[in-house]
Amino acid sequence: MQTSAETVEEHPDGAVGSRPQSDGERPFGVTTRVAAWFERAQGRRWFWPGALAAGYLGEVLFRLVLVRHLYYPSVHADEDSYLVLARVLAGRGSTEMPVGSVIPGGYPLLISPAFRIADDPNTAYHMIMGINALLNALVLPLAFLALRRFGLQRPLAFVFAAATALLPPVVFYSQYVLSDTVLPVLILSWLLCMHGWLSEGSLKRRTWFAAGTAAAAAYTMATHDRGGVVMALTAVVFLGVLVLRWAPWKSTVTGLGVMAVGLGFVKALSTWLNNQFDVDASKTGTYLIEGITNPDILQRTLTRTIGQIWYFMISTWGIGGLAVVVCLFALFSKRFPRPFRIVGGVAVALLFGTALAAAATLPEDWRIDNWVYARYCSYLVPVSFVTGVAVLHRAGRRSLAYAVAGTMALTVLIAQVVIWSAGPLLVKQVFIGWGMPDALFLASDWGRLNMWRTTAAAFIILGAIVMFRYAGGRRVLWAAGISLGLFAAFATTTITEQITDPYTAWRKTYATDFTKAAGIKSTDNAVLAWDIEGNIRMAQAFEVYKGRVWYRDPRWQPVPAEATLIATPLPEAGKAPESYWKDHPAEWYVERVDQKRGFMVWRKR
């Protein structure tokens, strides 16, 4: 790691070195009193911890402002399932599992305190939005540490770390009860620890980093199925390093031991949660194998894979693409230190592995966004962005030109392949803007996917930053960082207004509106018929906060004895409401009928 009095440059022969930084290259100068105060203040021990704390709080407040009006789930069935798991982990009673199988409980464990405190679903959801903000904003200090590892001085690292934490793919998913809130933090921690373990240092230091690498990988696995790819890569790195003796064997063995303990934790949490619900086992593994081995859908799988890579490149405005290109090059070049080569290779392997696994397991539900799905690779956005920033900072003019050209060529190539393979399906299938917010923002078209217009917009941003770097050198990168941060805040706010807010408002009718119209109380034990609209069924698993929910058809499935309410569709037009359930027990009667929404409510006497 460099000191604040040095800056990195690339010699003509490609070797990386350092030289003292002249006054004229200091990012904030010394010509004003403010700059002079800054020069004095940043040398004090309290300054940078205080700056990071202030920046973190600012990031938290920014997120809280964006979600201040959200109080119910809208992404079904994912949010509802995480909420149900958090409810059970908080010690409350079990209920129906909306997604149909028990998903990993690492993220619900983090938000479960809201269920221990809140007395109603609205308050609980508000509190979870607050927890999300606290967790997601940790990207800033971690990105700062990563940029310092790359040799950026503290002021420059802080500016770009703030910009990283404001990126739309980082903030967007924290506006929902989704594991993608915390996954970017876990991945940053994982790769930072891996780099620390592989770098030179004392045995104690490297042992702690090895343990941190394993612990972060294990908790990622406990948080989402993508964590399985993370855990597999971690095991490969540990075993490879042990065989090749690239790290002290004691540190590596410690990491493997922590991995074993972590796997035990993942298994114990999964087993306990499965015992709380009566649902089938997850079929994710089956879908993955079929998506890769079935020749009838293999083309679809491969097209979706590269489509996600395309989206990943444009969602980072090409800067993350620089990271991918340079990391691929670094794998075969000894110009880069071994720790950076290994960590960069692991990050690229995770990107392609995640895209392939997601492409294989996504169902065929005729959605346009499934061809370029944004969510599953988004947890690598902060890592790729800070790596791309390091490329902008460290690379010489010629090397940077090659990296930019490679990034643009790769992006154009995979975009063309997706368009060629998917063809008219990119227009004719179902358009859901929620699944591709960054692409719509860049194209400035919220009603359709335009891959070329989106690609061009990403290239314009990348080109502007690169030309800025060429024109002013490294000394002007701080201004580029501030510009990117402001643009990221603007982009995130705009996407919230154009995607999050309308989408949430549209889903309100499935959550709180139905609850009020049906007269369902938080203490009810409610049965929802299978032919009730699916989004309504899934939302009620959370809205019925203190009671519980079952998914049953009372006409052919037994109604639980403790049930107090049943919601069913209306019978055919012209028939009496009771005709829907002709042989209903005498203790059940029709309490209300909603012709507009097409349902009725039965109550037990």
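So, here's what we can say about the structure. (Residues numbered from 1 in each chain as written. Predicted model: local features only at pLDDT ≥ 70, side-chain atom pairs only at ≥ 80, totals over all residues. Heavy atoms only, no water.)

**Re the overall build of the chain**
Rules: The numbering of helices and of strands both runs from the N terminus, where a helix is a DSSP run of H or I of at least 4 residues and a strand a run of E of at least 2. Taken over C-alpha atoms, the radius of gyration is set against a globule rule of 2.2 Å times the number of residues to the power 0.38. Classification of residues uses two cut-offs on accessible area relative to the type maximum, computed with a 1.4 Å probe and protein chains only: under 20% is buried, over 50% is exposed, and between them is partly exposed. When checking whether two residues touch, look at their non-hydrogen atoms; a contact exists if any pair is within 4.5 Å. All accessibility values rest on the Shrake-Rupley procedure with a 1.4 Å probe; residue burial counts only the protein chains present in the view. Positive charges come from Lys and Arg, negative ones from Asp and Glu, while His and the chain ends are left out of the count. Charge placement uses NZ in Lys and CZ in Arg. For Asp and Glu, CG and CD serve respectively.
The secondary structure content of the chain amounts to 25 helices and seven strands. Its C-alpha atoms give the chain a radius of gyration of 26 Å, within 12% of the compact-globule value 25 Å for 605 residues. Overall, the chain is about 90 × 60 × 50 Å in size when its C-alpha atoms are taken along their principal axes. Counting over 605 residues, the chain shows a buried share of 57%. Contacts in the chain between residues at least 24 apart in sequence constitute 73% of all its contacts with a sequence separation of at least 6. Accessible surface for the chain amounts to roughly 25,100 Å². Of this, 63% is attributable to carbon and sulfur atoms. The positive charge centre, built from 56 side chains, and the negative charge centre, built from 41, are 10 Å apart in the chain.

**Overview of the sheet that holds strand 5 (residues 565-569)**
Defined as follows: By the convention used here, strands pair only if DSSP detects at least 2 bridges between them. Axis lines are fitted through C-alpha atoms, for helices just across the contact stretch, and the angle between N-to-C directions can take any value from 0 to 180 degrees.
Pairing in this open sheet of five strands is mixed, and the strands run 4-3-5-7-6 from one edge to the other. Pairing within the sheet leaves two strands with one partner each, and these edge strands are strand 4 (548-551) and strand 6 (588-594). Within this sheet the neighbouring strands show an average axis-to-axis angle of 25 degrees, counted without direction. Sheet topology places strand 3 (residues 525-528) next to strand 5; three bridges connect them, and they run parallel.

**Some points on the pattern of salt bridges**
To be explicit about the condition: By salt bridge we mean one thing: a side-chain nitrogen of Lys or Arg within 4 Å of a carboxyl oxygen of Asp or Glu.
All chains considered together, the criterion is met by 17 salt bridges. A salt bridge links R63 to E59, with the nearest nitrogen and oxygen atoms 2.8 Å apart. Placement of both R63 and E59 in helix 2 (residues 47-66) is noted, with a separation of four residues, approximately one turn of the helix. The two residues R63 and E59 agree in class, both being buried.

**Quick notes on the packing of helix 15 (residues 298-315) against helix 17 (residues 338-361)**
Note the following rule: Convention used here: angles under 35 degrees read as roughly parallel, angles over 145 as roughly antiparallel, angles from 65 to 115 as roughly perpendicular, and any remaining angle as oblique. Crossing handedness: left-handed means the near helix sits turned counterclockwise from the far one by under a right angle, and right-handed means the same turn made clockwise. Classes in brief: Ala, Val, Leu, Ile, Met, Phe, Trp, Tyr, Cys and Pro nonpolar; Asp, Glu, Lys and Arg charged; the others, Gly included, polar.
It is the contact of helix 15 with helix 17, at a shortest axis distance of 8 Å, that shows an interaxial angle of 130 degrees. Viewed along their axes, helix 15 and helix 17 adopt a mutual orientation that is oblique. Where helix 15 crosses over helix 17, the handedness of that crossing is right-handed. Residues T301, R304, T305, Q308, I309 and F312 of helix 15 touch helix 17, and the partners they reach there are L351, F352, A355, L356, A358, A359 and A360. Looking at the contact of helix 15 with helix 17 residue by residue, the class counts come to nine nonpolar, three polar and one charged.

**Some thoughts on empty space enclosed by the protein**
Counted only if it meets this: Cavities and pockets were defined on a 1 Å grid built from protein atoms only: a cavity is a group of points that admits a 1.4 Å probe but offers it no way out, a pocket is an open group of points flanked by protein on both sides within 12 Å along at least five of seven lines, and a lining residue is one with an atom within 4 Å of any such point. Grid points are joined across faces, edges and corners, and a volume is the space filled by probe spheres set on the points.
Applying the stated rule across the entire model yields two cavities of 30 Å³ or more. Estimates place the volume of the largest cavity at around 90 Å³. Together, F312, A323, V324, C327, G344, A347, V348, L351, L380, V383, S384 and T387 line the largest cavity. Put simply, the parts of the chain that give the lining of the largest cavity at least two residues each are helix 16 (319-330), helix 17 and helix 18 (381-394). Looking at which element gives the most residues to the lining of the largest cavity, the answer is helix 17, with four residues. Residue contributions to the lining of the second largest cavity peak at four residues, all from helix 15. Of the residues in the lining of the second largest cavity, the class split is eight nonpolar, three polar and one charged.

**Examining the packing of aromatic side chains**
Let me state the cut-off plainly: Aromatic rings from Phe, Tyr and Trp, taking only the six-membered ring of Trp, are treated as a pair when their centres fall within 6.5 Å; an angle between ring planes under 30 degrees marks them as stacked, one over 60 as edge-to-face, and anything in between as tilted.
Under the definition given, this model contains 32 aromatic pairs. On the numbers, 5.0 Å between centres and 90 degrees between planes, the contact of F47 with W48 is edge-to-face. Exposure class is identical for F47 and W48. Each is buried. Residues F172 and Y176 carry aromatic rings whose centres are separated by 5.6 Å and whose planes lie at 65 degrees to one another, so their mutual orientation is edge-to-face.

**Section: the pairing of strand 3**
How we decide: By convention a crossover is right-handed if, when the strands point away from the viewer, the path from the first strand over the helix to the second runs clockwise.
Along strand 3, one buried face is formed by N525 and V527 and the opposite face, lined by A526 and L528, is buried too. Inspection of the sheet shows strand 3 paired to strand 4 by four bridges, in the parallel sense. Within strand 4, the position partnered with L528 by the bridge is Y551. Of the crossover connections in this fold, the one passing from strand 3 over helix 25 (residues 534-543) to the parallel strand 4 is right-handed.

**Here we look at the pairing of strand 6**
Sheet analysis places strand 6 next to strand 7 (residues 599-604), joined by six bridges and oriented antiparallel. When the bridges of strand 7 are listed, R592 appears paired with V601.

**As for helix 8 (residues 154-166)**
Each α-helix turn comprises 3.6 residues. Residues three or four places apart therefore point the same way. Defined as follows: Multiply 1.5 Å by the residue count of a helix minus one, and that product is the helix's expected span.
Helix length check: helix 8, at 13 residues, gives a terminal C-alpha distance of 18 Å against a target of 18 Å (1.5 Å per residue), a fit within 8%. For helix 8, the tally of buried residues reaches eleven of 13 residues, placing the bulk of the element in the interior. Among the residues of helix 8, those classed as buried are P155, L156, A157, V159, F160, A161, A162, A163, T164, A165 and L166.

**Comments concerning the nonpolar core**
Quick note on the threshold: Put simply, buried Ala, Val, Leu, Ile, Met, Phe, Trp, Tyr and Cys residues joined by side-chain atoms within 4.5 Å make one nonpolar core.
The biggest cluster of nonpolar side chains holds 184 residues, and the ones touching the most others in it are W190, W310 and W434. Examining the composition of this core, we find that eleven residues originate from one element, helix 10 (residues 183-198), more than from any other. W310 has contacts with V372, T411, I414, A415, A439, L449, M451, T454 and T455, leaving out every residue within four places of it along the chain.

**Brief notes about unusual backbone geometry**
Where the residue is not glycine, phi is negative for most of them; where a peptide bond is considered, it is trans in most cases. In this model, H76 is joined to A77 through a cis peptide bond whose omega is 5 degrees. Looking at where A77 falls in the secondary structure, it is placed in the loop between helix 2 and helix 3 (78-89). In the Ramachandran plot, W317 falls in the positive-phi region, its phi being about 60 degrees despite a non-glycine side chain. As for its position among the elements, W317 is in the loop between helix 15 and helix 16. Residue classification places W317 among the buried residues on the basis of a relative accessible area of 2%. Phi is positive for S444, close to 55 degrees, though the residue is something other than glycine. By secondary structure assignment, the location of S444 is in the loop between helix 21 (437-443) and helix 22 (451-472).

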